[in-house]
Amino acid sequence: RIAGYTPGVVPYNSLIAACYANGLNDKAMDAYKGMKRAGIRGNVKTYNMLIGALAESRQWDQAIQVMGDMRAANVQPDQDTISTLFVPEV
């Protein structure tokens, strides 16, 4: 909550995307944890960005954990979610 404003999923997604784009995967996870603490439910884009960042840095256990969070939040994985986890790099 900043100056009476509680950010929603879109500002959090923007923050996560900015962290991810700048190689700050730990900060992206911190933003996600803050989002969860604030009671803000992520959407498929939120989870795909996090899973992608974690998979790219080969943090498979955390990527699977985030996938579990996604499932617990009743957010359906899409084609991007699956391909991020299961399509090998060339």
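Everything below is about the structure shown above.
Everything in this summary refers to the structure shown in the same document. Here the structure is a predicted model, which is why all the values come from computation and not from measurement. Here the residue numbering is sequential within each chain, running from 1 through the sequence in written order. Local features are withheld for residues below a pLDDT of 70 in this predicted model, meaning they are given only at 70 or higher, and side-chain atom pairs are given and counted only at 80 or more; totals for whole chains, interfaces and linings count all residues. Water and hydrogen atoms play no part in the side-chain values, which are based on all heavy atoms of the structure.

**So, the overall build of the protein**
Here comes step 1: Secondary structure assignment for the protein yields 5 helices and 0 strands.
Here comes step 2: Secondary structure counts use DSSP, requiring at least four H or I residues in a row for a helix and at least two E residues in a row for a strand, with both numbered from the N terminus. The N-to-C order of helical and strand elements in the protein reads α-α-α-α-α.
Here comes step 3: Rg of the C-alpha trace for the protein: 13 Å, near the compact-globule value of 12 Å for 90 residues, within the 12% margin.
Here comes step 4: If one aligns the C-alpha atoms of the protein with their principal axes, the spans along those axes are about 45 × 30 × 20 Å.
Here comes step 5: Only protein chains enter the accessibility calculation, which uses a 1.4 Å probe; a residue is then buried when its area is under 20% of its type maximum, exposed when over 50%, and partly exposed in between. In the protein, buried positions account for 37% of the 90 residues.
Here comes step 6: Contacts between residues were defined by any pair of non-hydrogen atoms, one from each residue, lying within 4.5 Å. Pairs at least 24 apart in sequence give 53% of the contacts found in the protein among residues at least 6 apart.
Here comes step 7: Looking at the protein as shown, the accessible area adds up to about 5900 Å², and 55% of this sits on carbon and sulfur atoms.
Here comes step 8: The charge count includes Lys and Arg as positive and Asp and Glu as negative, but it does not include His or the ends of the chains. Charge positions come from single atoms, namely NZ of Lys, CZ of Arg, CG of Asp or CD of Glu. If you average the places of the 9 positive and of the 8 negative side-chain charges in the protein, the two averages end up 10 Å apart. In this description the radius of gyration comes from C-alpha coordinates, and the expected globular size is given by 2.2 Å times residues to the power 0.38. Per-residue and other accessible areas follow the Shrake-Rupley method at a 1.4 Å probe size, with only the shown protein chains counted as cover for residues.

**Re the pattern of salt bridges**
Here comes step 1: The working definition used for a salt bridge is a side-chain nitrogen of Lys or Arg within 4 Å of a carboxyl oxygen of Asp or Glu. Under the definition given, this model contains 1 salt bridge.
Here comes step 2: K36 is paired through a salt bridge with D69; the nearest N and O atoms lie 3.2 Å apart. Of this pair, K36 sits in helix α2 (residues 25-37) while D69 is found in helix α4 (residues 60-72), placing the two residues 33 residues apart along the sequence.
Here comes step 3: Assessed through its relative accessible area of 44%, K36 is described here as partly exposed.

**Some points on the side chain of N48**
Here comes step 1: Tracing the sequence through the fold places N48 in helix α3 (residues 44-56).
Here comes step 2: Given a relative accessible area of 14%, N48 falls into the buried group.
Here comes step 3: Residues contacting N48, with those up to four places away along its chain left out, are M70, D78, D80 and T81.

**Digging into the packing of α3 against helix α5 (residues 79-86)**
For any two helices packed against each other, one specifies the inter-axial angle together with the distance between the axes.
Here comes step 1: It is the contact of α3 with α5, at a shortest axis distance of 9 Å, that shows an interaxial angle of 10°. Overall, the two elements α3 and α5 adopt an arrangement that is roughly parallel. Residue-level inspection shows V44, N48, I51, G52 and A55 of α3 in contact with α5, the latter providing D80, T81, T84 and L85.
Here comes step 2: Amino acids outside the nonpolar list (Ala, Val, Leu, Ile, Met, Phe, Trp, Tyr, Cys, Pro) and the charged list (Asp, Glu, Lys, Arg) are all regarded as polar, and Gly is one of them. Considered class by class, the residues forming the contact of α3 with α5 number 4 nonpolar, 4 polar and 1 charged. Throughout, an axis means a line fitted to C-alpha atoms (over the contacting stretch in the case of helices), and angles, computed between N-to-C directions, take values from 0 to 180 degrees. Should an angle fall under 35 degrees it is taken as roughly parallel, and over 145 as roughly antiparallel, whereas 65 to 115 is taken as roughly perpendicular and any remaining angle as oblique.

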